[in-house]
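# Architecture and fold: a report
The primary structure of each chain is shown beneath.
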2 protein chains.
Amino acid sequence: MAENRSARVRRGRPRQAEVARLAGVSQTTVSVVLGGNKQGIVLHPDTTARVLEAARELGYVPDPAARRLAAARNNLLGVFSFTATFPTAVEHSYYPFLVGVEQEAAARGYDLVLFTGSSAGAQSGTSGALERVRLADGCLFLGRHIPAGELRRLVEHGYPAVHIGRRDELDGLAWVGADYVEATAEVVRQLAKLGHRRVMLVREDDDAPASTDRERGFREALATAGLAGADPVVRAAHPAAEITPAWLRDRYAEGVTAFVAEETDTGAAWRALLAAVEGAGLDAPSDVSLALLGSPPADLAGRPQPTGFDIPRAELGAAAVRALTGLLTTGEAESPLVACAFRPGSTAGPAPVH
Amino acid sequence: MAENRSARVRRGRPRQAEVARLAGVSQTTVSVVLGGNKQGIVLHPDTTARVLEAARELGYVPDPAARRLAAARNNLLGVFSFTATFPTAVEHSYYPFLVGVEQEAAARGYDLVLFTGSSAGAQSGTSGALERVRLADGCLFLGRHIPAGELRRLVEHGYPAVHIGRRDELDGLAWVGADYVEATAEVVRQLAKLGHRRVMLVREDDDAPASTDRERGFREALATAGLAGADPVVRAAHPAAEITPAWLRDRYAEGVTAFVAEETDTGAAWRALLAAVEGAGLDAPSDVSLALLGSPPADLAGRPQPTGFDIPRAELGAAAVRALTGLLTTGEAESPLVACAFRPGSTAGPAPVH
DNA sequence: CTCCTTGACTAATACGCATTAGTCCGCGTT
DNA sequence: AACGCGGACTAATGCGTATTAGTCAAGGAG
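In this text the structure is predicted, and so the values were computed from the model without any measurement.

### Considering the pairing of strand 9 (residues 289–293) of chain B
The side chains of a regular strand alternate, residue by residue, between the two faces of the sheet. Residues and elements named next belong to chain B. Across the 5 residues that make up strand 9, a large majority, 5, are buried. Along strand 9, one buried face is formed by Ser 289, Ala 291 and Leu 293 and the opposite face, lined by Leu 290 and Leu 292, is buried too. Looking at chain direction, strand 8 (residues 258–262) and strand 9 are connected through 5 bridges and run parallel. Counted as the bridge partner of Glu 262 is Leu 293 from strand 9. Crossover strand 8 to strand 9 through helix 12 (residues 268–279) is right-handed. Here 2 bridges tie strand 9 to strand 10 (residues 307–310), and the two strands are oriented parallel to one another. In the strand pairing of strand 10, Leu 292 is matched with Gly 308.

Written out as structure tokens, the structure reads:
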């Protein structure tokens, strides 16, 4: 009778009020029951059961916005990347991180909201785009270049945020990152153990923390191994043009027997090294040893595995989620560094006897 | 005096009410001004200016939760994949869809909620797992095998859902799909034009709509070209075992000069064909022509491009988003078929003169 | 000198949920 | 007989914004 303008016909999701009607109780009771009755209100077991049943029957799911507004939490974690999360060029994709994020979030009972701010943020560039993340209880950020101003606002207002990748310059912003210093040092140690006395690092001309850390680990390990000498680091803004066969032959003649390249989006430094070695008529690993501080670009998958290390992207994503949920619950996050795994590969071998 | 528990001290961000106080107007006016006054209320320019100034001074930013609550609209689209978790491999076939989904969603001002089999079902076992998607205003579904029962419930309740890939069996479920019938027909027409009189289709033993459609397009095009004859379709449950060099040589001897393989996750049919041709000592395209009804598996990227067609995955994802937003706004979705692009490739050539 | 307009705003309310402060009833106490 | 008390709920309110109905002067029409 009252049934004809009933809830089933109504377009849109069911509300607590509908559940309440069906169960014959008040909206308050529904909220209490579905909220797990944390306030310890005395409820008859039958009532609880009826509410639960009604909720199931209607397929009730709480509205995240309302929940958030009522000063509770959503169980939503945001992911915001400063470039498209799913770019057309798979090499720049954040997908591997997302896999870890996804799993860890699921395990902890959170759903993920992918904020699509930057990708086709046609209009944006205007401020305010970042504010949307407040819909979620907390948010993960990733990308090379961050809009520091906006992010700072969020953080200063106490919004729980975790950046994937080291980010010290923004005070108070939590982050998780790969331990490039240690991973790079390990690569150098391996090369030293193979008898190499002179090792060079080829890096791109960029001051991202990821690059700086590698250089630091590189220099520290050299020093520790007593291999300090002429400046062992080359910055190449355009690796393809600067790391030529001629250049490589010169270094080789000077006694450099191992070359280490930084990994970047494009893999330019590594490509240049490979080309230069080939162009110089040398062979790796018999003549010179090569190592890559990261994973090879996807299109080089067929080539022999480079000696170096793998960035545990999925693990980083998971660690980020742990840090974020830590912020949400206890207020503090755990240790931010994740170790990289050494990858033996086959581009490095014993130093040749000159 | 009332000032000492003032807004500046208050932790958190300014509300419209604070802006209103500073500008000496009502909260309503603030909302109207900052909302761009879409309702065309007459406001004195000075008032508008004062409000804007006050908002700037306080650094006002609207609360997305409140905004969405008031608008009764979350601007959230769900993405649900039926695999246990988001597939780890970037080269997995879902990735390209996501590219289009993200772009189109961003362009339309929607954010994405990512659901996976695991996240949705976490504790509750399987039943009710899908209900979680109600959190979003509408949801995209993708995957080969769908839990029909649960999805039906959602659709019957009027929940806006769009499946990526044809899905007729579930009445009322909207979908977008690639036009395999036409794309396959085009491939056959091209082969016919090259002089092939006998063409065979190798497909896996699966009745997914994607397979059925290709077979239909294949048979129709053959008929139209007047090439009907002995049964031109082989179903292979284990292509590697059934499509052998011997089998291929037999067909070749019978006058079959072109082979067409269906594309699937594994690419098994195509791999088997390639191997069989090679094993039989034949060459494509000089002896036999080969075509692939889809894109080659990633690990065959180095091989010559197969003749065939490309599934416009990103475009499909975008079309799905358009369909879903169509459902949300106007209540009806647009045309569900997306055309595939013919790919000339280099595995098909003129029929040999027998 | 009333009776509309128009301009310029504002009061009230809805959105869906969580929470705080009750209400109501039946049973035992002094 | 008035009183208290625990059990079992519910009414009322707040969160921050967007909207829908007003309100209230100051002019102009009649």
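Back to the text.
### What to know about the protein's contact with DNA strand D
The full set close to DNA strand D counts 24 residues, and Thr 29 and His 44 of chain A together with Arg 15, Gln 16 and Tyr 60 of chain B are the nearest of them. The sugar and phosphate moieties of DNA strand D supply 60% of its atoms located within 4 Å of the protein. Within the side chain of Thr 28 of chain A, one N or O atom sits 3.1 Å away from a base nitrogen of DNA strand D. Ala 70 of chain A is positioned such that a nitrogen or oxygen atom in its backbone is 3.5 Å from a base oxygen of DNA strand D. For the surface near DNA strand D, the secondary-structure elements that each account for two or more residues are helix 2 (27–34) of chain A together with helix 2 (27–34) and helix 4 (64–71) of chain B. The residue inventory of the surface near DNA strand D, partitioned by class, reads 10 nonpolar, 10 polar and 4 charged.

### Points about the confidence of the model for chain A
Here chain A averages 88 in pLDDT, while 93% of its residues score no lower than 70. Throughout residues 119–125 of chain A the model reports pLDDT below 50, and contacts reaching past four residues in sequence, or to other chains, amount to 7 contacts.

### Topic: the packing of aromatic side chains
Residue and element names in this part refer to chain A. Under the counting rule described, the total for this entry stands at 13 aromatic pairs over all chains. Taking 6.4 Å as the distance between ring centres and 40° as the angle between the ring planes, the aromatic pair formed by Tyr 94 and Phe 97 counts as tilted. Residue placement shows Arg 214 over the ring face of Tyr 180; its charged tip is 4.0 Å from the ring centre.

### What to know about the pairing of strand 1 (residues 76–81) of chain A
Residue and element names in this part refer to chain A. The buried fraction of strand 1 is high, at 6 of 6 residues. Of the two faces of strand 1, both are covered, the one formed by Leu 76, Gly 78 and Phe 80 as well as the one formed by Leu 77, Val 79 and Ser 81. Of the pairings in the sheet, the one linking strand 1 to strand 2 (residues 111–115) comprises 5 bridges and is parallel in character. Residue pairing in the sheet places Val 79 in a bridge with Leu 114 of strand 2. Bridge analysis of strand 1 against strand 3 (residues 138–142) gives 5 bridges, and the strand direction is parallel. When the sheet's bridge partners are listed, Ser 81 is paired in strand 3 with Leu 142.

### Regarding helix 2 of chain B
Residue and element names in this part refer to chain B. If you check which residues of helix 2 are buried, you get Thr 29, Val 30, Val 32 and Val 33. Across the axial projection of helix 2, the buried residues extend over an arc of 165°, all falling on one side. Among the structural elements, helix 1 (16–23) and helix 3 (45–58) are those in contact with the buried residues of helix 2. Of the residues trailing helix 2, Gly 36 is marked for its positive phi of about 85°.

About the thresholds
Residues numbered from 1 in each chain as written. Chains lettered and ligands numbered in written order. Predicted model: local features only at pLDDT ≥ 70, side-chain atom pairs only at ≥ 80, totals over all residues. Heavy atoms only, no water. Buried < 20%, exposed > 50% of the residue type's maximum accessible area, 1.4 Å probe, protein only. Helix = DSSP H or I, 4+ residues; strand = E, 2+ residues; numbered from the N terminus. Pairing = 2+ DSSP bridges. Right-handed = clockwise from strand over helix to strand, strands pointing away. Near = heavy atom within 4 Å. Polar contact = N/O pair within 3.5 Å; in protein donor to acceptor, adjacent residues only side chain to side chain. Nonpolar A, V, L, I, M, F, W, Y, C, P; charged D, E, K, R; others polar. pLDDT = per-residue confidence, 0-100. Contact = heavy atoms within 4.5 Å. Phe/Tyr/Trp six-rings, centres within 6.5 Å; stacked < 30°, edge-to-face > 60°. Lys NZ or Arg CZ within 6 Å of the ring centre and 35° of its normal. Arc of directions from axis to C-beta.

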